[in-house]
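Structure assessment
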Amino acid sequence: MRDDLDLVREFGLHLAVVETLSNRHRGLLLWELERRRGDCPECGMPRELCEDPEQVWYPQRRVCHKTMQEKAARRRYADIHGEGTGAQWHDGRFQNWSEEQTAKTPFHADDGVTIFATPFDLNPDDDFLTAPAGVVRPPRKPRGPR
Ligand SMILES: [Zn+2]
């Protein structure tokens, strides 16, 4: 019964499910439970490995180039359409840009835009990471007293 409760706790199984397990499946789960108990709670590796002071550990790095490209593209897009660029609002076709939301440029640069990377260029004509030319800048509003 104690083993059944351990299986409930460790694997999130309902007690009624645990009670219907075959001996083989129960044995496999108990074996996994025993294996997990021998693992380091910090890193999840077998303790005889990670607690061995003679074991040399090499820091590693994984690089996701897809994520790298996506994040760089998002930053570039924000640089092009951020505050002070004059190109924050557009006409819905991304052709006419304005510093402010107007009747002709009601859409913000981020409205409905998702930036992601694919292994093939799905839309080679969409040059969205180049700053738009001919941004319409409305006349500066007079500043009030400070
Ligand atoms: Zn460890």
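Residues numbered from 1 in each chain as written. Predicted model: local features only at pLDDT ≥ 70, side-chain atom pairs only at ≥ 80, totals over all residues. Heavy atoms only, no water.

1. Some points on the domain arrangement of the protein
Counted only if it meets this: Where each domain starts and ends comes from a domain assignment, either automatic or drawn from a database.
Annotation of the protein at the domain level lists domain 1 (2-50) and domain 2 (63-139). On a C-alpha basis, the centroid separation for the pair domain 1 and domain 2 is 51 Å.

2. Concerning a negative patch on the surface
Filter applied, for reference: Patch definition: residues above 30% relative accessible area lacking any salt bridge, with like charges linked at up to 9 Å and the nonpolar side chains Val, Leu, Ile, Met, Phe, Trp and Tyr linked at up to 5 Å. In short, Shrake-Rupley with a 1.4 Å probe defines the accessible areas, and a residue's cover is counted only from the protein chains shown. By definition, a salt bridge exists where a carboxyl oxygen of Asp or Glu is found within 4 Å of a side-chain nitrogen of Lys or Arg. Only four residue types enter the charge count, namely Lys and Arg as positive and Asp and Glu as negative; His and the chain termini do not. For this purpose, a charge sits on NZ of Lys, CZ of Arg, CG of Asp or CD of Glu. A run of H or I in DSSP becomes a helix once it reaches four residues, and a run of E becomes a strand once it reaches two; helices and strands are each numbered from the N terminus. A simple rule labels every residue: compare its accessible area, found with a 1.4 Å probe on the protein chains alone, to the largest value its type can have, and call it buried under 20%, exposed over 50%, or partly exposed in between.
A surface patch of negative charge is lined by Asp-121, Asp-125, Asp-126 and Asp-127. On the secondary structure map, Asp-126 appears in the segment after strand 3 (107-108). Given the relative accessible area of 41%, Asp-126 is considered partly exposed.

3. Things to note about the layout of surface pockets
Selection criterion: A pocket here means an open set of points on a 1 Å grid, computed over the protein atoms alone, that has protein on both sides within 12 Å along at least five of seven lines. A cavity is instead a set of points where a 1.4 Å probe fits but cannot get out; residues with an atom within 4 Å of a point line either one. Grid points are joined across faces, edges and corners, and a volume is the space filled by probe spheres set on the points. Gly is placed with the polar residues, together with every amino acid not listed as nonpolar (Ala, Val, Leu, Ile, Met, Phe, Trp, Tyr, Cys and Pro) or charged (Asp, Glu, Lys and Arg).
Of the pockets and cavities examined, the largest pocket occupies roughly 620 Å³. If you trace the largest pocket, you find 22 residues lining it, with Ile-115, Phe-116, Asp-121, Asp-126 and Phe-128 closest to the centre. Residues of the lining of the largest pocket, tallied by class, amount to 13 nonpolar, five polar and four charged.

4. A word on the coordination of the zinc ion
For clarity, the threshold we go by: Only nitrogen, oxygen and sulfur atoms within 2.8 Å of the metal, or 3.2 Å for Na, K and Ca, are treated as donors, and water is left out, so sites may look incomplete.
For the zinc ion, the full set of protein donor atoms is Cys-40 (SG), Cys-43 (SG) and Cys-50 (SG), at a range of 2.3 to 2.4 Å. When the donors of the zinc ion are listed by position in the chain, the intervening gaps give C-x2-C-x6-C. Here Cys-40 is found in the loop between helix 3 (23-37) and helix 4 (47-50), whereas its partner Cys-50 is found in helix 4, with ten residues between them in sequence.

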